[in-house]
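Chain and residue survey
Spelled out from the first residue to the last, the chains are:
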Amino acid sequence: MYNFTVIMALVDYIPVILFGMAGWLILKNFYRKASVLSFTLISSGIVSVLSAGFFKATWKLLYAVNICNFEILNKGFLYMQSLGFILAGIGMIMMVSDKKNKVMAAAPAVYSGSMVFIMMMVVGLGMICASLGILAHRAKKDKAIIFFVLAFIISMGMGYAGRLDSTLAWVNWLEQSINIVGQACLLGGTLILFKK
């Protein structure tokens, strides 16, 4: 039995919105600058991460208002988000390492354990933040690098929170707070990076 409130469920949409804004900036600025394959991987990954976050927040909201416990929205979260991060990360690494790009002038096998998916999220997010940091350095916008490093480090705090009992309200608030701050850092870095 989970201890969700309507406010808690609504707050869970905040990091989704922040990631969506950062993702939109990334896609807007890489469109026609990245190769078709890189852009496809990045956009597919971002859409998958966004969908996963939206589904989980919606599950919490449906549960909090006593409509139903649509558990599949929660169970698919880990798989969708981990796949999304790794796809976007691979696309970002491909784009940054492509010498011909014009940027800044310069499905896993089914597995019952969760560790492989958590590692995919960590590696994927790391590749995204590292690629954005490289682009920020190339654009001489090194302040953005601080935000990308913070986004990665703070998001790793979700690993600590994930070890706690997610049926407790304070654990959900902790997870949401960590996620909001991490996504706000990612958005802050992208705003600096893509500021004209």
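Higher on the page you've got the structure.
Residues numbered from 1 in each chain as written. Predicted model: local features only at pLDDT ≥ 70, side-chain atom pairs only at ≥ 80, totals over all residues. Heavy atoms only, no water.

Concerning the overall build of the protein chain
What counts is decided by this rule: The helix and strand labels rest on DSSP assignments: H or I over at least four residues marks a helix, E over at least two residues marks a strand, and numbering proceeds from the N terminus. All radius of gyration figures rest on C-alpha atoms, and the globule criterion is 2.2 Å times the number of residues raised to 0.38. All accessible-area figures derive from a Shrake-Rupley calculation using a 1.4 Å probe, and residue coverage is judged against the displayed protein chains alone. Charge convention: Lys and Arg are scored as positive, Asp and Glu as negative, and His as well as the terminal groups of each chain are ignored. All charge positions are set by atom: Lys at NZ, Arg at CZ, Asp at CG, Glu at CD.
The number of helices and strands found in the protein chain is eight helices and zero strands. For the protein chain, the α and β elements follow one another from N to C terminus as α-α-α-α-α-α-α-α. For the protein chain, whose C-alpha radius of gyration is 17 Å, the value lies close to the compact-globule estimate of 16 Å for 196 residues. Taken along the three principal axes of its C-alpha coordinates, the protein chain extends 55 × 35 × 25 Å. As displayed, the protein chain has an accessible area near 10300 Å², and 71% of this comes from carbon and sulfur atoms. Across the protein chain, the centroid of the 16 positively charged side chains sits 17 Å from that of the 6 negatively charged ones.

Remarks on the side chain of Thr190
Stated formally: Note on definitions: a residue-residue contact is assigned when non-hydrogen atoms from the two residues lie within 4.5 Å.
Along the chain, Thr190 turns up in helix H8 (residues 169-194). Other than its neighbours up to four places away in sequence, Thr190 contacts Ala22, Leu25, Ile26, Leu132 and Phe148.

A look at the side chain of Gln183
By secondary structure assignment, the location of Gln183 is in helix H8. Ignoring anything within four residues of it in the chain, the contact list for Gln183 reads Pro15, Leu18, Phe19 and Ser155.

Considerations on the nonpolar core
For the record, the criterion: In plain words, nonpolar cores are sets of buried Ala, Val, Leu, Ile, Met, Phe, Trp, Tyr and Cys residues tied together by side-chain atoms within 4.5 Å. Each residue gets one of three labels from its accessible area relative to the maximum for its type: buried under 20%, exposed over 50%, partly exposed in between, using a 1.4 Å probe on protein chains only.
Ranked by internal contacts, the top residues of the largest apolar core, which has 37 residues, are Ile26, Phe30, Ile42, Leu132, Phe148, Leu186 and Leu193. When contributions to this core are tallied by element, the ones reaching two or more residues are helix H2 (13-30), helix H3 (36-64), helix H5 (77-97), helix H6 (115-138), helix H7 (142-162) and H8. Tallying contributions element by element places H6 first for this core, with ten residues. Those residues in contact with Leu186, other than ones at most four positions away along the chain, are Phe19, Ala22, Cys129, Leu132, Phe148 and Ala151. Listed in part, the eight residues of the second largest apolar core include Phe4, Trp59, Leu62 and Tyr63.

Regarding the packing of aromatic side chains
The test is simple: Aromatic rings from Phe, Tyr and Trp, taking only the six-membered ring of Trp, are treated as a pair when their centres fall within 6.5 Å; an angle between ring planes under 30 degrees marks them as stacked, one over 60 as edge-to-face, and anything in between as tilted.
Scanning all chains against the criterion turns up eleven aromatic pairs. Considering the side-chain rings of Phe19 and Phe85, the 6.0 Å spacing of their centres and the 75° angle between planes classify their relative orientation as edge-to-face. Separated by 66 residues along the polypeptide, Phe19 in helix H2 and Phe85 in helix H5 bring together distant segments of the chain. Each member of the pair, Phe19 as well as Phe85, is classed as buried. Centroid distance Tyr31 to Phe39: 5.5 Å. Interplanar angle 65°. Geometry classified as edge-to-face. Overall, Tyr31 belongs to the partly exposed group, its relative accessible area being 46%. Assessed through its relative accessible area of 18%, Phe39 is described here as buried.

Side note on the layout of surface pockets
Heads up, the condition is: With a 1 Å grid spanning the protein atoms alone, the term cavity applies to any set of points in which a 1.4 Å probe fits but cannot get out, the term pocket to an open set with protein on both sides within 12 Å along at least five of seven lines, and the term lining residue to any residue with an atom within 4 Å of a point. Grid points are joined across faces, edges and corners, and a volume is the space filled by probe spheres set on the points. For this scheme, ten residues count as nonpolar: Ala, Val, Leu, Ile, Met, Phe, Trp, Tyr, Cys and Pro. Four count as charged, namely Asp, Glu, Lys and Arg, and the remainder, Gly too, count as polar.
Taken as a whole, the largest pocket encloses approximately 1100 Å³ of empty space. What lines the largest pocket is a set of 36 residues, among which Lys56, Phe77, Gln81, Met121 and Met158 lie closest to the centre. Of all elements in the fold, only H2, H3, H5, H6, H7 and H8 reach the threshold of two or more residues within the lining of the largest pocket. The greatest single-element share of the lining of the largest pocket, amounting to six residues, is contributed by H3. Here the residues of the lining of the largest pocket sort into 19 nonpolar, twelve polar and five charged.

Observations concerning H3
Heads up, the condition is: To estimate the expected span of a helix, subtract one from its residue number and multiply by 1.5 Å.
Taking 1.5 Å per residue, 29 residues should reach 42 Å; H3 reaches 42 Å between its end C-alpha atoms and fits that length. Where H3 ends, the next residue or the one after it, Asn66, has phi of about 60°, a positive value.

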